[in-house]
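For reference, the chains in residue letters:
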Amino acid sequence: MSFRRGVVRQSKFRHVFAQAWKAEHCIDDVRVSRVTWDSPLCAVNPKFIAVIIEAGGGGAFLVVPISKSGRIDQFCPTVCGHAAPVLDIQWCPHDDNVIASASEDCTVKVWQIPDGGLTSPVTDATVTLEGHSKRVGLLAWHPTAFNILLTAGCDNVICVWNVGTGELVYQLDDAHPDLIYSVSWNKDGSAICTVCKDKALRVIDPRRGAVLKVREKVHDGTRPMRAVFLSDGKILTTGFSRMSERQLALWDTKDLSEPMVIQEMDTSNGVLLPFYDPDTNMVYLCGKGDCTIRYFEVTDESPYVHFLSLYSSKEPQRGAGFLSKRGVDVNKCEIARFYKLHERKVEPISMTVPRKSDLFQGDLYPDTAGLEPALLADEWIAGQDAPPLLVSLSGGYTAPPSKHRDTLRSKPKLVSQDSGTGAVPPSAGNVAAPTSTPTSATKETEEETPQPRAATREMDGNGERPKREDDVLSELLAEMKALRAVVLAQNQRIELLERQLARIEDGDETSKRAERSAKLPVIPVNAVEFNKGRLPVTSPVNGQQNYGGGPCCHPINPPSCALCTVQEAEQGGRRGIYSPTHRLQRRRSQGPGEKCSVSCGGTSWGPAVAWK
């Protein structure tokens, strides 16, 4: 008998729970695309949310700030420059304002989104990449090299582009015999893994065009598969068994003969989309058409892939967007965030680790990949590799000003690429490579390109530095001025409160008298008959007038009634007595020195005066 069966595996992510945001924080009236292509249909970064939507007469996608909530107006501006439906969108990992889109019109377009979102419809792309002969369905930005974009289309061709110049630098047209389902870069961008309709998993070096590893029949089912590179070099795949059961498998790239582990989950028909978090080594599986999101932790201990929990809801998901770690809320111990696509709504879902402390949890947030690229495009093309540059999330992440904001060329003149050698006019300055290795013209361009790029980096270091320092100085001065105004206002408020406190402590009689009057109970007393009902009695409490005989309300023993005063009134030859303290008036004559008829502590009447 094994005693280890009752031992619970230790993990800080064992209690991760998912919680959907409230309805007022969701985005409503979003016409999510009904395209049958198995893509997430959504892309998210710390600034924007992009969703592929239905559009008549072409393809479009919606871009709104990540803080946007509520209803989307039907006239909200969109990015609508494609002539056919959009199949995939991806944000650039090194610039939160740059997004690429792939479409059925056989083109890939790169767009520059202004800060704050769109103010008018965008139809002209910054860069248009034309190299596929059939629709383009997959996009993948290089994780560490700046402006390197990989695309895959239904023509079974993989293209690698330098977006900064608009040129096609590598093309793999004979590596896949059938439709490509998925493409993923490894951690340093030196290799990619792909899964194809022929059920094979391939590890490819895109610069050499060489297939490094091949594994036939990763999953026996005929439905689409997905593959993603993990940070330690392993590959996680999702697919279907021969009995149409959905499967999850983990592969070691050193030996692809057998999977490290394979798990069967259910018999649903939706394709499982894996989202991998390299910081926590967790994998989230979202099935299109499912109502659940499963999450696993990948470790070096058998069985290697550990099921943590699942999030379940009532409505199925059309797609999902995965927010990068730079955008999560570290103050709430949020380790991941999804944006679930409903039929007409976008719903945020937070993955949170419960912690009691309000301090920064360093074990949950190791250093993550930042915006700054580790390599330039020409350096990666020349054969260099580098891991991503990491940043700390302590205190929340703030994006620094990018040094490479203006490296996208506006509308490069590109020609369609054929299966043979391509030719580009010298005026365009672009070179197309039809095979996986650069042509001689490409090499000449590579030798010439680094010179102006080096000059650009030099100018960024010297020419723009004083301007950047002036901007920082002006921001600091403005902040100091605002803080000084706040401090001055608070000092004035403190002085006012101190004066009020001094008056209270010195025993201000007026304040004490008003306070005691407010606390004394008010009870009804019977008023005596006066003036035979001809002159009214006004109650000091409720303001009502009484013509005698009825109840009159006044406070017993008011604090200001030490001695009552009386006025002798004369009206129509009749004399009366009026007490200003009790608002009472008698018809009978009563001279000075006599006592007040109402028992209030008074001892005598004051001098008589004429009635006016």
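Keep in mind the model is a prediction, meaning the values are calculated, not measured.

Analysis parameters
- Residues numbered from 1 in each chain as written.
- Predicted model: local features only at pLDDT ≥ 70, side-chain atom pairs only at ≥ 80, totals over all residues.
- Heavy atoms only, no water.
- Helix = DSSP H or I, 4+ residues; strand = E, 2+ residues; numbered from the N terminus.
- Buried < 20%, exposed > 50% of the residue type's maximum accessible area, 1.4 Å probe, protein only.
- Contact = heavy atoms within 4.5 Å.
- Areas by Shrake-Rupley, 256 points an atom, 1.4 Å probe, with all protein chains shown as cover.
- Pairing = 2+ DSSP bridges.
- Axes fitted to C-alpha atoms, helices over the stretch in contact; angles between N-to-C directions.
- Phe/Tyr/Trp six-rings, centres within 6.5 Å; stacked < 30°, edge-to-face > 60°.
- Lys NZ or Arg CZ within 6 Å of the ring centre and 35° of its normal.
- Polar contact = N/O pair within 3.5 Å; in protein donor to acceptor, adjacent residues only side chain to side chain.
- Patch = residues over 30% accessible without salt bridge, like charges linked within 9 Å, V, L, I, M, F, W, Y side chains within 5 Å.
- Salt bridge = Lys/Arg side-chain N within 4 Å of Asp/Glu carboxyl O.
- Lys, Arg positive; Asp, Glu negative; His and termini not counted.
- Charge placed at Lys NZ, Arg CZ, Asp CG, Glu CD.
- Core = buried A, V, L, I, M, F, W, Y, C linked by side-chain atoms within 4.5 Å.
- pLDDT = per-residue confidence, 0-100.

1. Remarks on the overall build of the protein chain
- Scanning the protein chain from N- to C-terminus turns up five helices and 39 strands.
- Out of the 612 residues belonging to the protein chain, those deemed buried represent 47%.
- Here the analysis covers contacts within the protein chain between residues at least 6 apart in sequence; of these, 52% occur between residues at least 24 apart.
- Surface summary for the protein chain: the accessible area is close to 31000 Å², and the carbon and sulfur share equals 51%.

2. What to know about the pairing of strand 19 (residues 210–215)
- By the bridge criterion, five bridges tie strand 18 (residues 201–205) to strand 19 in an arrangement that is antiparallel. Across the sheet, residue Asp-205 finds its bridge partner in strand 19, namely Ala-210.
- Taking the residues that link successive antiparallel strands as the turn, the strand 18-strand 19 hairpin has four residues, and the phi of Gly-209 there is positive, at about 70°.

3. A look at the sheet that holds strand 13 (residues 148–153)
- Strand order in the open sheet made by the four strands is 12-13-14-15, with antiparallel pairing throughout. Edge positions in the open sheet fall to strand 12 (136–141) and strand 15 (167–172), since each of these has one partner strand only. If you compare each strand with its neighbour and ignore which way they point, the axes differ by 25° on average.
- Here strand 13 runs beside strand 14 (residues 158–162); their pairing, made up of five bridges, is antiparallel. Looking at strand 14, one finds that Leu-149 is bridged to Trp-161.

4. Here we look at the sheet that holds strand 25 (residues 282–287)
- Within the open sheet, the four strands sit side by side as 24-25-26-27. Their pairing is antiparallel. Each edge of the sheet is formed by a strand with only one pairing partner; in this case those strands are strand 24 (272–277) and strand 27 (305–312). Taking the axes of each pair of neighbouring strands and ignoring which way they run, one obtains an average angle of 25° across the sheet.
- Pairing analysis gives six bridges linking strand 24 to strand 25, with the strands arranged antiparallel. Residue Asp-277 lies in a different strand from strand 25, and its bridge partner there is Met-282.

5. Here we look at the packing of aromatic side chains
- What the rule picks out here adds up to twelve aromatic pairs.
- The interplanar angle of 25° and the centroid separation of 5.8 Å between the aromatic rings of Phe-360 and Tyr-365 together place this pair among those described as stacked.
- Following the ring pairs from residue to residue traces out a cluster consisting of Phe-275, Tyr-284, Tyr-295, Phe-322 and Phe-338.
- Over the aromatic face of Phe-240 sits the side chain of Arg-223, whose NZ or CZ is 5.4 Å from the ring centroid.

6. What about the side chain of Thr-107?
- Summarising the element assignment, Thr-107 is placed in strand 10 (residues 107–112).
- For Thr-107, a relative accessible area of 10% corresponds to the buried category.
- A polar contact is formed between the side chain of Thr-107 and the side chain of Asp-105, at a distance of 2.7 Å.
- If sequence neighbours within four positions are ignored, Thr-107 has contacts with His-82, Ser-101, Ala-102, Leu-129, Glu-130 and Val-136.

7. Describing a nonpolar patch on the surface
- Together, Leu-473, Leu-477 and Met-480 make up a nonpolar patch on the protein surface, roughly 300 Å² of accessible area in all.
- With respect to the element layout, Met-480 can be found in helix 4 (residues 465–505).
- Since its relative accessible area comes to 45%, Met-480 is described here as partly exposed.

8. Overview of the side chain of Gln-247
- Relative to the helices and strands, Gln-247 is located in strand 22 (residues 246–251).
- Within the local environment of Gln-247, its side chain forms a polar contact with the side chain of His-219, the two groups lying 2.9 Å apart.
- Not counting residues up to four positions away in its chain, the partners in contact with Gln-247 are His-219, Thr-237, Thr-238, Gly-239, Phe-240, Ser-241, Ile-262, Gln-263, Glu-264, Met-265 and Leu-272.

9. Overview of a negative patch on the surface
- A grouping of Glu-469, Asp-470, Asp-471, Glu-475 and Glu-479 is seen on the molecular surface, where their side chains present a negatively charged patch.
- By the secondary structure assignment, Asp-470 is in helix 4.

10. Description of the pattern of salt bridges
- Taken as a whole and assessed by the stated rule, the structure comprises 16 salt bridges.
- The salt bridge involving Arg-71 is made with Asp-29; its shortest N-O contact spans 2.7 Å. With Arg-71 in strand 6 (residues 70–71) and Asp-29 in the loop between strand 2 (27–28) and strand 3 (42–44), this residue pair connects regions lying 42 residues apart in the sequence.
- According to the relative accessible area criterion, Arg-71 is exposed, its value standing at 53%.

11. A short note on the environment of Ile-52
- The topology assignment puts Ile-52 in strand 4 (residues 48–53).
- Since its relative accessible area comes to 1%, Ile-52 is described here as buried.
- Sequence separation between Ile-52 and Asp-88 is 36 residues, and the spatial gap between their C-alpha atoms is 7.9 Å.
- Leave out the neighbours within four places in its chain, and Ile-52 touches Arg-31, Val-32, Ser-33, Leu-41, Ala-60, Phe-61, Val-86, Leu-87, Asp-88 and Ile-89.

12. Section: the environment of Leu-41
- Positionally, Leu-41 belongs in the loop between strand 2 and strand 3.
- Sequence-wise, Leu-41 and Ile-53 are twelve residues apart; in three dimensions their C-alpha atoms are separated by 8.4 Å.
- For Leu-41, the residues in contact, after removing those within four places along its chain, are Val-32, Ser-33, Val-35, Ala-50, Val-51, Ile-52, Ile-89, Lys-288, Arg-318 and Leu-341.

13. Overview of the nonpolar core
- Within the largest apolar cluster, 51 residues are counted, with the highest numbers of intra-cluster contacts made by Val-30, Val-51, Phe-61, Val-63, Ile-113 and Leu-201.
- A total of six residues in this core trace back to one element, the largest contributor, which is strand 4.
- Apart from the residues lying within four places of it in its own chain, the contact partners of Val-63 are Phe-48, Ile-49, Ala-50, Val-79, Trp-91, Ile-113 and Leu-118.

14. Observations regarding the confidence of the model for the protein chain
- Per-residue confidence for the protein chain gives a mean pLDDT of 78, with 70% of residues at or over 70.
- Low pLDDT, under 50, characterises residues 410–465; the predicted model gives this stretch 89 contacts beyond four residues in sequence or across chains.
- Confidence drops under pLDDT 50 across residues 520–535; counting only partners more than four residues distant or on other chains, this segment forms 39 contacts.

15. Some thoughts on the environment of Gly-70
- Turning to its location among the elements, Gly-70 is positioned in strand 6.
- Gly-70 has contacts with Glu-24, Cys-26, Ile-27 and Asp-28, leaving out every residue within four places of it along the chain.

16. Here's the deal with unusual backbone geometry
- Residue Pro-303 is reached from Ser-302 by a cis peptide bond, and omega for that bond is 10°.
- With respect to the helices, strands and loops of the structure, Pro-303 is situated in the loop between strand 26 (292–298) and strand 27.
- With a phi angle near 65°, Asn-156 is a residue other than glycine that sits in the positive phi range.
- Structurally, the position occupied by Asn-156 is in the loop between strand 13 and strand 14.
- Using a relative accessible area of 18% as the deciding quantity, one classes Asn-156 as buried.
- Even without glycine at this site, Lys-217 takes up a positive phi of about 50°.

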